[in-house]
Amino acid sequence: MNIVINQYHNSVGGNKLVKQLYEQYAKKLLSYTINRYSVNEDDAWTLVYKTIYRIAEVYDKYSFENEQKQSGFVFKTHINYLRNYFRDNKTFESKNFEVELNDKYFHVKEEVPAKENLQLKILQRELDQLEEWERILLLMRGQGMPYSDISKFVNKPEKQLKVYYARLKKQLLIRVNDALTRLNELNHGKR
Amino acid sequence: MEKDKMQSLSSAGLDQLINQAFLNLDFDQPQNLELMEQVSIKTLNRAGFFPSFNKLVFSKLVLFVAAFVLADGLSLCLKRLQHTPLKPVTSSEHTNKQAATEARSPEVSQTQPEALVAQKPISAPKRIQNNSVPLAVQEKITLSGTIHSAKTGEALKGAAVYKLNSDISVSTNGQGYYSLQMPKGEHNIVVALLGYQTYTFSLYSEEDVRKNVALKEEWKSLEEVVVKPDAYIFPVLTEKEKKANEKEKQKMAKLVARAKPIFEKSADKYPYIPPPADQAFSGFNMGSNEVTNLEYRTFLFDLLIHGKKDEFLLAKPEQHLWINAADQSLFDTLAGIYFSEKKYNYNPVVNISLKGAQLYCTWLCEQANLLKRKAGEPAIMVRLPYESEWLHAASAGRAGAVYPWLRDSVQNSVNWFLANCCIQKQPDKLRYPFNKTKRNPSGDDKKFDRKAYTAAGMTLANNRIATVDVFAYNPNDFYLYCMSGNVSELVYSNDAKTFKAKGGNWSSDAEHLKLNSEDEFKTVSASPMIGFRVCITSGK
């Protein structure tokens, strides 16, 4: 039988739940967002608050087997907000224009569609070409996971993983840069 | 309008991009969900101890602990000095070094004068004695003993003693002795030696254990082996290989199932080929590369795993065809290694029969449709392309195109090759030097093998003497690689009655690389110059 933990069940009711969630997760999420994704502090706080309020909103609808599952849920929600944040910021680029109006010049910001993130697409294609454990190794290491944990997850010796990671990253860099060079040549007609 | 140039990535840039790729993972898939949970545990359950923990803090902490330990050690030394009586300086001590040496030896201390007896080292305080055994050792136990034969009683050398499902293992020495260190707790230990029955026992102990094992002899009568002259020996796959094959298969099926009827100039594995202007046939997806050795091997091994040996025999490549290929002895060595060695994984598969290529398409189609059915999507069909489809795809929709690229030559403006072809067959038609660049206008470079048979041998690594990596050279505007050159590709003729091999290969001259050239092969069969690529259409 699964043990159902709903830590804040008794304290549901607005601010208290938010406060408890804040104390448990806010700083960790904030440091993750800033360190891993170089999001500025203001935006990072906004994302953290969004996550916490969202969790507080839906908290009663879920029950979790253990604390790790609960953390997983919080993390997934935060990841979604982070993904939306990057999508919104990268989809449009703001450009400044000067507009003449009644003999005065005004600066106007206009949002134009940004370039497709081809680098990411190429990388994702290259990642798809890799073996499953290789992909996991790169992604987990990118998230700062220690080799010891990754080793348990992919069932490979820890010492070998360090070598594999260095080689994989080197190869990936070469392949992505090759693809970018080819794209550049294609776009600029150097064939 | 001129498009902006994409800048090449640095290592740090790649890290950021990998993190972005993590965000874009599909967490509905179980393996990605598991991955995310692992990261969440690390981020939210462990890392929170120091919210802004970094290497600097860690190094400071280490320094602090080191300083503390050092200070503790110094204070201990001082205490010892305070308790040690002053050493009497005698002339005999200066002259007789041996006496001083003996004074430090407890065995002879009784024979020493009183003054020297007082110099016997003070025993360390109890606290030090208790901690003299390192913590790591305390937590481990040692299992030791001897392994001997149950029948003769003689010690067995080289018997393997190991803990099940772990890296902890040791083998016995000449006296049959072994010693194994492992953590406290429960362990399953196995003792194995060829010719003896494997002995397994469970162990739960918090103290060192000594266990002697007597192994019983094992006799297995070998069954009669009949060797038929033409018998094919099927490869035997280990569990690890089977698992890896299954993963590769899933990956291949997933890529086919993901193919979408949208034309994007991106790096899709199966880019969409829009229909021609006259709408002679509808749009389809085509493999961006020729089928590789790795992909074909996955297919063959899967047949083997599922016991389809007849199909395996039909589909397996005829590697002996490498011998005297293109009337050259140069490629003979490839016969034993081309299909099986890892370094040729991404070279195109060759020497396959027509039936083999068709079986591969059917197999890939089945695998992809399994995924499609699960997702509730309509079925697709994987097959060889028709000649008209292939020509349309190769020319990137440009009617009357000579080559897949815009130039009317197999070399670009600085004389580099645009495809893998035979350079010895048309020496007068080529422009020299091959490696003229802005930095190197004279084109001198010793790296190039001037006697090479193919462009691959000329410009690429030593091992690529015939075919070349399927992603080599620039793709055409439909993002298809090596449409001309490398290997000729199997297609159905437009009336679907015969097969053709299109596009020229590593042994073709520049004329045969042209899209509308005459057919190089009068009859199409297994050959080291012929490979294939698949196309995907909707419907069954």
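Owing to the predicted nature of the structure, the values given are computational and were not obtained by experimental measurement.

Cut-offs applied
Residues numbered from 1 in each chain as written. Chains lettered and ligands numbered in written order. Predicted model: local features only at pLDDT ≥ 70, side-chain atom pairs only at ≥ 80, totals over all residues. Heavy atoms only, no water. Helix = DSSP H or I, 4+ residues; strand = E, 2+ residues; numbered from the N terminus. Buried < 20%, exposed > 50% of the residue type's maximum accessible area, 1.4 Å probe, protein only. Areas by Shrake-Rupley, 256 points an atom, 1.4 Å probe, with all protein chains shown as cover. Pairing = 2+ DSSP bridges. Axes fitted to C-alpha atoms, helices over the stretch in contact; angles between N-to-C directions. pLDDT = per-residue confidence, 0-100. Contact = heavy atoms within 4.5 Å. Core = buried A, V, L, I, M, F, W, Y, C linked by side-chain atoms within 4.5 Å. 1 Å grid on protein atoms, 1.4 Å probe; cavity = no way out; pocket = protein on both sides within 12 Å on 5 of 7 lines; lining within 4 Å. Points joined across faces, edges and corners; volume = space filled by probe spheres on them. Nonpolar A, V, L, I, M, F, W, Y, C, P; charged D, E, K, R; others polar.

## A few points about the overall build of chain A
Helix and strand counts for chain A stand at seven helices and two strands. In chain A, the order of α-helices and β-strands from amino to carboxyl end is α-α-α-β-β-α-α-α-α. The proportion of buried residues among the 191 residues of chain A is 43%. Of the roughly 11200 Å² that chain A leaves accessible, carbon and sulfur atoms contribute 47%.

## Points about the sheet that holds strand 3 (residues 169–171) of chain B
Residue and element names in this part refer to chain B. Read from one edge to the other, the open sheet built from four strands follows the order 3-2-5-6, with strand pairing classed as antiparallel. Of all the strands in the sheet, the pair left with one neighbour each is strand 3 and strand 6 (199–205). Each adjacent strand pair in this sheet contributes to an overall mean axis angle of 20°, direction not counted. Looking at chain direction, strand 2 (residues 160–163) and strand 3 are connected through three bridges and run antiparallel. Directly across from Tyr162, in strand 3, lies its bridge partner Ser169.

## Thoughts on the confidence of the model for chain B
Residues and elements named next belong to chain B. Mean pLDDT over chain B stands at 77; residues scoring 70 or higher make up 76%. Note on residues 47–53: pLDDT is under 50 here. Beyond four places in sequence and across chains, it has six contacts. In this model residues 84–138 is a low-confidence stretch, pLDDT under 50, and it forms 23 contacts with partners more than four residues away in sequence or in other chains. Both confidence scores are given for the complex: pTM 0.47, ipTM 0.79.

## Quick notes on the nonpolar core
Within the largest apolar cluster, 67 residues are counted, with the highest numbers of intra-cluster contacts made by Leu123(A) and Phe22(B). If sequence neighbours within four positions are ignored, Phe22(B) has contacts with Tyr32(A), Tyr37(A), Phe75(A), Ile79(A), Leu139(A), Gln143(A), Phe27(B), Leu35(B), Met36(B) and Val39(B). Grouped together as the second largest cluster of nonpolar side chains are 51 residues, Tyr270(B), Phe312(B), Leu334(B) and Leu364(B) included.

## Digging into the pairing of strand 6 of chain B
Residue and element names in this part refer to chain B. Pairing of strand 5 (residues 185–192) with strand 6 involves seven bridges; the strand directions are antiparallel. Pairing of Glu186 across the sheet is with Tyr204, part of strand 6. The loop that links strand 5 with its antiparallel partner strand 6 comprises six residues; one of these, Gly195, has a positive phi angle of about 95°.

## A short note on the sheet that holds strand 12 (residues 488–492) of chain B
Residues and elements named next belong to chain B. Across the sheet, which stays open at both edges, the three strands sit in the order 13-12-14 with mixed pairing between neighbours. Edge positions in the sheet fall to strand 13 (499–502) and strand 14 (530–531), since each of these pairs with one other strand and no more. For strand 12 and strand 14, the ladder comprises two bridges, and the chain directions are parallel. Each bridged residue has a counterpart across the sheet, and for Glu489 the counterpart in strand 14 is Gly531.

## Examining empty space enclosed by the protein
Scanning the entire structure with this criterion turns up four cavities of 30 Å³ or more. Around the largest cavity, the lining is made up of 13 residues, and of these Gln129(A), Glu248(B), Leu255(B), Lys269(B) and Glu295(B) lie nearest the centre. Of all elements in the fold, only helix 4 (118–129) of chain A together with helix 9 (239–258) and helix 10 (293–305) of chain B reach the threshold of two or more residues within the lining of the largest cavity. Of the residues forming the lining of the largest cavity, the biggest block, four residues, is contributed by helix 9 of chain B. Residues belonging to the lining of the largest cavity are distributed by class as follows: six nonpolar, two polar and five charged. Reported here for the second largest cavity is a volume of approximately 70 Å³. Around the second largest cavity, the lining comprises 13 residues; the ones closest to its centre are Trp405(B), Leu418(B), Asn474(B), Cys482(B) and Met483(B).

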